[in-house]
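# Per-entry structural report
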Amino acid sequence: MYGARFKLTDQGLARAQLEADTAYFFDDNTRQELENVHTTFYTVTGAKDAVLTARHGTINNRTNNMIARKNVVVVSEDGRRLTTPELIYNQQKNQISSDSAFVMTEPNRRLEGVGFRSDPNMKNIQILSGAKGIARGVSTAPVAPAPATAPATAPPTTLPPKR
C-alpha cells in the first residue's frame, strides 16, 4: 500500500497518527512493515505532543506496539530531540523505549545512555545504563561571604589539680 495512514488508539483514545510512504501487510494483516515512517503523538486532550520519524517501522496489532528502526528521531513540541537506531512505542502505556544507545538534546542540556523509557514528550525519561550528560549555561546564585569571626586566641591554660 502506498501513502498508508494508521490511527494508533488505546481504548478509543487516539494516541498517535502514523503515516508511511509504503506499507506491507503480513500474518493475516496483524503485522505491517513500513517505509519512511512519520508518527505524530497526542496528549490525552488531543494536543500534538511529539513527532517521530524513521526510515523503517513495524506495527504489530497483536501486541499493540510499533517499532521504529534506522535514523529514529523524536522531537517534542517544546524542543527536546531524541535520536536512536531503534525505538519501541507501547500504545497501552503511551511509552517510548529502547535498549539501544541514544542521545537526547534540549536547550542547554545533552543526555546520553544505553536504553531508556519515557513518555513520547520526553518529560519523564528514565535512563537504563551508561548515563552521562552535559548542562550549559547553568548559573548559580553568588555565595555570600562567611561572617567575620573574632581572631583566634590561645586556649585558656588550666592548672593541674591540687593534691
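Residues numbered from 1 in each chain as written. Predicted model: local features only at pLDDT ≥ 70, side-chain atom pairs only at ≥ 80, totals over all residues. Heavy atoms only, no water.

A tally of regular secondary structure across the protein gives zero helices and 10 strands. Looking at the protein as a whole, 35% of its 163 residues qualify as buried. In the protein, of all internal contacts separated by at least 6 residues, the share reaching a separation of at least 24 is 31%. In the form shown here, the protein has an accessible surface area of approximately 10,500 Å², with 52% of it arising from carbon and sulfur atoms. (Helix = DSSP H or I, 4+ residues; strand = E, 2+ residues; numbered from the N terminus. Buried < 20%, exposed > 50% of the residue type's maximum accessible area, 1.4 Å probe, protein only. Contact = heavy atoms within 4.5 Å. Areas by Shrake-Rupley, 256 points an atom, 1.4 Å probe, with all protein chains shown as cover.)

Here we take up the pattern of salt bridges. This structure, assessed with the given rule, holds eight salt bridges. The residue Glu33 makes a salt bridge to Arg69 at a minimum N-O spacing of 3.3 Å. One end of the pair, Glu33, is in strand β3 (residues 31-42); the other, Arg69, is in strand β5 (residues 65-76), with 36 residues separating them in the sequence. You can call Glu33 buried: its relative accessible area is 18%. Of the charged contacts in the structure, one is a salt bridge between Arg109 and Glu106, with a shortest N-O distance of 2.6 Å. It is possible to trace a salt-bridge network through shared partners that takes in Asp27, Arg31, Glu33 and Arg69. (Salt bridge = Lys/Arg side-chain N within 4 Å of Asp/Glu carboxyl O.)

Our focus in this paragraph is the confidence of the model for the protein. Mean pLDDT for the protein: 84, with 83% of residues reaching 70 or above. Strand β10 (residues 132-135) is the least confidently modelled element of the protein, averaging 84 in pLDDT, while strand β6 (residues 81-90) averages 95, the highest of any element. The low-confidence segment residues 139-147, where pLDDT is below 50, has zero contacts with residues more than four positions distant or belonging to other chains. (pLDDT = per-residue confidence, 0-100.)

Time to look at unusual backbone geometry. For Asn64, which is not a glycine, the phi torsion comes out positive at approximately 60°. Counting through the fold element by element, Asn64 comes out in the loop between β4 (48-60) and β5.

Turning to the nonpolar core, a few remarks are in order. With 27 residues, the main nonpolar core has Leu18, Leu34, Leu52, Leu82 and Leu87 as its most contacted residues. Elements represented by at least two residues in this core include exactly β1 (2-10), β2 (13-26), β3, β4, β5, β6, β7 (95-106) and β8 (109-118). Not counting chain neighbours up to four residues away, the residues in contact with Leu82 comprise Val72, Val73, Val74, Leu87, Phe102, Val103, Met104, Phe116, Met122 and Ile125. (Core = buried A, V, L, I, M, F, W, Y, C linked by side-chain atoms within 4.5 Å.)

Moving on: the side chain of Ser76. Looking at where Ser76 falls in the secondary structure, it is placed in strand β5. A polar atom in the side chain of Ser76 sits 2.6 Å from the side chain of Asp78. In contact with Ser76, other than residues within four places in its own chain, are Asp49, Ala50, Asn121 and Met122. (Polar contact = N/O pair within 3.5 Å; in protein donor to acceptor, adjacent residues only side chain to side chain.)

Take the environment of Glu35 next. Its place among the elements puts Glu35 in strand β3. In this structure the C-alpha to C-alpha distance between Glu35 and Tyr24, which are 11 residues apart in sequence, comes to 8.9 Å. Apart from residues lying up to four places away in sequence, Glu35 is in contact with Ala20, Asp21, Thr22, Tyr24, Arg55 and His56. There is a polar contact of 2.8 Å between the side chain of Glu35 and the side chain of His56.

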